[in-house]
Amino acid sequence: MAGPLVTDMDHRQLSRDSLFLMAEVRLVGSEAEYRVKLRNLSAGGMMAEGPMTVQRGSQVEVNLRNIGWVQGVVAWIQDNRFGIALLKEIDPKLARAPLVIGEGTPRFVKPPISFHGIGPMRKV
């Protein structure tokens, strides 16, 4: 089965923001997940860095914070970094937004502690 063809012109015009987010990536059809660092993200793609071994053209799925699993194709590889062209555009602002607390949120993620009602701080 041939994967979708992705050319450099397909996604390079979309604006990218530099950032640092963690995400899980897996090859389509595989259960093995790899934790990677996302170095930039746009509506049509991202650059990931991590220990995962991929080949150009590999179909992957990425679990993005506040978005969920999205599908893409590895567009390029350099050392331990690789570019992923997404099959469907996303709203990259959602992935940068604070974590949404609710169903599916890991139990170790807790809302911030509220300091309302505490008087002025004194110098110690």
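Residues numbered from 1 in each chain as written. Predicted model: local features only at pLDDT ≥ 70, side-chain atom pairs only at ≥ 80, totals over all residues. Heavy atoms only, no water.

Engineer: Just to check I follow, could you spell out the pairing of strand S2 (residues 34-41) for this structure?
Structural biologist: Two faces make up the sheet, and in a regular strand the side chains alternate between them. One ladder, built from 4 bridges, connects S2 with strand S3 (residues 45-49); its direction is antiparallel. Looking across to S3, one finds that Lys37 is bridged to Glu49. (Pairing = 2+ DSSP bridges. Helix = DSSP H or I, 4+ residues; strand = E, 2+ residues; numbered from the N terminus.)

Engineer: Got a minute to help me understand the pairing of strand S5 (residues 68-78) in this structure?
Structural biologist: In the sheet, strand S4 (residues 59-64) pairs with S5 via 6 bridges, with the strands oriented antiparallel. From the neighbouring strand, Asn63 faces S5, where its bridge partner is Trp69. Turn length for the S4-S5 hairpin, with the two strands adjacent in sequence and antiparallel, is 3 residues, and the turn residue Asn66 shows positive phi of about 65 degrees. If you look at the hairpin formed by S5 and strand S6 (residues 81-86), you'll find 2 residues sitting between the two strands, and Asp79 has a positive phi there, around 55 degrees.

Engineer: Could you clarify how one ought to interpret the nonpolar core in this entry?
Structural biologist: One recurring pattern in soluble globular proteins is that nonpolar side chains are buried together. If you look at the biggest cluster of nonpolar residues, it comprises 20 residues, and the most contacted ones within it are Val36, Leu38, Met46, Val62, Leu64, Phe82 and Ile84. Looking at this core, the elements that each hand over two or more residues are strand S1 (17-27), S2, S3, S4, S5 and S6. (Core = buried A, V, L, I, M, F, W, Y, C linked by side-chain atoms within 4.5 Å. Buried < 20%, exposed > 50% of the residue type's maximum accessible area, 1.4 Å probe, protein only.)

Engineer: What am I meant to see in the pattern of salt bridges here?
Structural biologist: For the coordinates displayed, the defined rule picks out 5 salt bridges. The partner of Arg35 in a salt bridge is Glu24, and the shortest N-O contact between them spans 2.4 Å. Here Glu24 lies in strand S1 and Arg35 lies in strand S2, a separation of 11 residues in the sequence. Glu49 serves as the salt-bridge partner of Arg81, at 3.3 Å between the closest nitrogen and oxygen. (Salt bridge = Lys/Arg side-chain N within 4 Å of Asp/Glu carboxyl O.)

Engineer: When you look at the environment of Asn66 in this model, what are you seeing that I'm missing?
Structural biologist: With respect to the helices and strands, the residue Asn66 is situated in the loop between S4 and S5. Between the C-alpha atom of Asn66 and that of Leu94, which follows or precedes it by 28 residues, the distance is 6.0 Å. Only 3.1 Å separates the side chain of Asn66 from the backbone oxygen of Leu94, close enough to count as a polar contact. (Polar contact = N/O pair within 3.5 Å; in protein donor to acceptor, adjacent residues only side chain to side chain.)

Engineer: Sorry if this is basic, but what is going on with the confidence of the model for the protein here?
Structural biologist: Atom-level detail of predicted coordinates should not be read off regions where pLDDT is low. Summarising the model, the protein shows a mean pLDDT of 80, and 67% of its residues fall at 70 or more. Under a pLDDT of 50 for its full length, residues 1-11 has, in the predicted model, 12 contacts with residues more than four places off or in other chains. (pLDDT = per-residue confidence, 0-100. Contact = heavy atoms within 4.5 Å.)

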